[in-house]
Amino acid sequence: MIDKKIIYAIDLVLLLGSLVALFFIAGYAQPLVIAPIDEYSSDNGSVLFSFDNAERIYIDDNAEFSSPEIYDVDDNFVLRLEPGIYYWKAEGLVQSDVRTLTIESRIELRVRESDSGEGYEVVNAGNTVLNVDVYDKGSFSERIILAPYDSEVLRGDKFVGGEA
Amino acid sequence: MRIEKFLVLAMIFIFLVFSVSAIGVTPGKITIDYEPGVQKHVSFKIINSENERIQVVLSKQGDLANAIDLNEREITLSPGQTEREVTYTVNIPSDLSPGSNTAQIVVLQVPNTQGTSEAFVGAAVAVITQLQINVPYPGKYAEAGLNIINAGQGEDAKFVIPVVNKGKADLVDVKAQVDIYNQLNERVDSFTTNSIQVSQGSRKELVYNWKADVPPGRYRAAVALIYDGETINLEKQFNVGVASLEIREIDVKEFNLGQIAKFDMLVENTWSEPIRGLHGQIQIFDSSGEILADFKSAQSDIQPFEKEVLSLFWDSAGFSQGVYSAAIYLNYGDVSSRQDVTFDVSQNDVRITGVGYVISSSPSSGGGSNSLVVILVTVIIVLIIANILWFMVLRKKLHKKVK
């Protein structure tokens, strides 16, 4: 003869088992986003995206993701980003929370005498396009535009770089 | 003695040739909200990338120069001090005109006559960090841009129109009327985007996917952005079907780190004309964006709708295992297309991951995610069946037996 207690015990085991299983499934389905942390900020445009349980990364410059760049990846990856504010999320079975990251612009000029000895080699060592004003003997001489990591040999005695 | 003198002169010569003067600031531009009469403290960093003793002088210029108090005017960074934070004070004026108001903080590296590299370089170097205050325009005022992502024939060209509300009121009805013209200036299509709201000070995007059911070629988009009765006109040229080269596959056989690796890049010409003088190029970067390797293929011609393999050789000596960012270029004539990718380098394998696809030299480890989905779905189905069986069938039967 089956006791009512056994029926209630089976009820309990089945319900609790289902709840525990669903809890683990929900946890496993949620992408585990490790890096970059939310509100990450750096002047280094190479950003490591580290995550688990996800196979797609969405990156956009607005929180609505109206025109996202989509990266189909199955592992961590490094992305080079221009200076700006970005919103990103990972997608696996479900989507992760939206995180933001900021790449700060870095203005950096390197100057050395040119190999020929005539003028100076001016290098944009920053991460954004620069306007470089060239002065010679105290007077403004010219303005050139230098892309990141580009260089140009210039004549002058003062070089001033600012964001274009 | 003569040899010693010669060595000293040689050292001086090397210094003269290779000495570098360098200075940086970050961020290059700071934008703050317009709050009349408020005092704010703004910070930026001076970067001493050469790790030398440098002396800098700060000065200010621009429309907002009088509103800025520099708390420090001369700063010395010692060797090993790679950066230094500087704070200045902004007293935001209450009478700024609408629009963008700016000031520049000039950081000038003082030529050092004590024997550092600057004395040898002989030129002064300065960098600028900008301060920008955007003052809202009275009433309703918007600024907009236009970006068009080219598409192949029959595909969707994406129109993205960012709208920034720079006025003092919310914009409640913002939409765009777009006309497409061919090279004969004939209108070939028109569409209107949906309407959005843009609150004061915010930025939103109008996005429309236009199906390019037109012959390949160059087109012009004339956009009338209409916001609450006002109109902004924008124009841009774009291509249909001209994004003509596609990387179909990159094959890296028998990769061994430290040796020369051969990359076979399969490129397809999807354009209706031959492409001559095509060559591939790959650049690999370190974490700071410096180029570690730069290698190219030989030049090749591709006939319409045909595929061609471009071979590139990478000397991986000196590289260690790890993840590197890289760029793949396809260059022909004056055209250069770039694809940002990631190289995941291990001892016997290099995996190349890029936008929208994963290319690998080894069999893909993909499918794990799909099998996970199958497992999870199976578990859920088993749970549902177990619950239904128990509560709807077995439990009722047992309950009757108990009674």
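Values in this document were obtained by computation on a predicted structure and should not be read as measured data. Think of each chain on its own: its residues are numbered from 1, step by step along the sequence as written. The order in which chains are written sets their letters, starting at A; the order in which ligands are written sets their numbers, starting at 1. Per-residue local features of the predicted model are confined to residues with pLDDT of at least 70, and side-chain atom pairs are confined, for both listing and counting, to 80 or more; whole-chain, interface and lining totals are unaffected and use all residues. As a convention, hydrogens and water are excluded, and side-chain values are obtained from all of the structure's heavy atoms.

(A) Layout of the overall build of chain A. Summing up its helical and strand segments, chain A has 1 helix and 14 strands in all. Exposure is judged per residue with a 1.4 Å probe applied to protein chains only, and the accessible area is read against the type maximum: over 50% gives exposed, under 20% gives buried, and values in between give partly exposed. Put simply, chain A has 164 residues, and 43% of those count as buried. Accessible surface computed for chain A: about 8,400 Å², of which carbon and sulfur atoms make up 53%. Every helix listed is a DSSP run of H or I at least four residues long, and every strand listed is a run of E at least two residues long, numbered separately from the N terminus. Areas reported as accessible are Shrake-Rupley estimates using a 1.4 Å probe. Residue values count occlusion only from the protein chains shown.

(B) Molecular detail of the environment of aspartate 294 of chain B. Residue and element names in this part refer to chain B. Within the secondary structure, aspartate 294 sits in strand 22 (residues 291–296). A residue is classified by how much of its surface remains accessible, and aspartate 294, at 41% relative accessible area, is partly exposed. Sequence separation between aspartate 294 and isoleucine 284 is 10 residues; the distance between their C-alpha atoms is 6.6 Å. In this view, aspartate 294 contacts Gln281, Ile282 and Gln283; residues no more than four positions away in its chain are not counted. Contacts described as polar in this section are N or O atom pairs within 3.5 Å, which, within protein, must combine one atom able to donate a hydrogen with one able to accept it, while residues neighboring in sequence count only if both atoms come from side chains. For aspartate 294, the side chain forms a polar contact with the side chain of glutamine 281, separated by 3.0 Å. Within the local environment of aspartate 294, its side chain forms a polar contact with the side chain of glutamine 283, the two groups lying 3.2 Å apart. Residues count as neighbours in contact if any of their non-hydrogen atoms are within 4.5 Å of one another.

(C) Up close: the interface of chain B and chain A. Taken together, the contact between chain B and chain A spans 69 residues of the former and 53 residues of the latter. Here the quantity called buried area is the accessible surface, traced with a 1.4 Å probe, that two parts lose on coming together, added over both. Summed over both partners, the interface of chain B with chain A comes to about 5,200 Å²; 57% of that surface belongs to carbon and sulfur atoms. Only one rule defines a salt bridge in this text: a Lys or Arg side-chain nitrogen within 4 Å of an Asp or Glu carboxyl oxygen. Our enumeration of links across chain B and chain A arrives at 3 salt bridges. Put simply, aspartate 11 of chain A and arginine 395 of chain B hold a salt bridge, and the shortest N to O gap is 2.5 Å. A per-element tally of the side of chain B that touches chain A places helix 3 (residues 368–402) of chain B first, with 16 residues. Classifying every residue of the side of chain B that touches chain A gives 36 nonpolar, 21 polar and 12 charged. At least two DSSP bridges between two strands are needed for those strands to be called paired. As paired elements, strand 14 (residues 158–163) of chain A and strand 9 (residues 124–135) of chain B share 4 bridges and run parallel to each other. Looking at the pairing, phenylalanine 159 of chain A lines up with valine 125 of chain B of strand 9 of chain B. Under the grouping applied here, Gly and all other residues not named as nonpolar or charged are polar, the nonpolar ones being Ala, Val, Leu, Ile, Met, Phe, Trp, Tyr, Cys and Pro and the charged ones Asp, Glu, Lys and Arg.

(D) How the structure looks around the packing of aromatic side chains. All names here are of chain B. For Phe, Tyr and Trp, where Trp contributes only its six-membered ring, two rings pair if their centres lie within 6.5 Å, and the inter-plane angle classes them as stacked under 30 degrees, edge-to-face over 60, or tilted in between. Across all of its chains, the model carries 19 aromatic pairs over all chains by this definition. Measuring from ring centre to ring centre gives 5.3 Å for phenylalanine 159 and phenylalanine 191, while their planes differ by 80 degrees; the resulting arrangement is edge-to-face. Here phenylalanine 159 is found in strand 12 (residues 156–165), whereas its partner phenylalanine 191 is found in strand 14 (residues 187–192), with 32 residues between them in sequence. Residue phenylalanine 191 is classed as buried on the basis of its relative accessible area of 6%. What links up through ring pairs into an aromatic cluster is the set Phe255, Phe263, Phe295, Trp314, Phe319, Tyr324 and Phe343.

(E) Main features of the sheet that holds strand 24 (residues 307–315) of chain B. Residue and element names in this part refer to chain B. Across the sheet, which stays open at both edges, the 3 strands sit in the order 19-20-24 with antiparallel pairing between neighbours. A strand with exactly one partner marks an edge of an open sheet, and here the two such strands are strand 19 (245–252) and strand 24. Neighbour to neighbour, the strand axes of the sheet diverge by 25 degrees on average, direction disregarded. Here strand 20 (residues 260–269) runs beside strand 24; their pairing, made up of 9 bridges, is antiparallel. What sits directly across from aspartate 264, in strand 24, is serine 311. For every element, the axis is a line fit to its C-alpha atoms; helices are fit only across the contacting stretch, and the angle between N-to-C directions ranges from 0 to 180 degrees.

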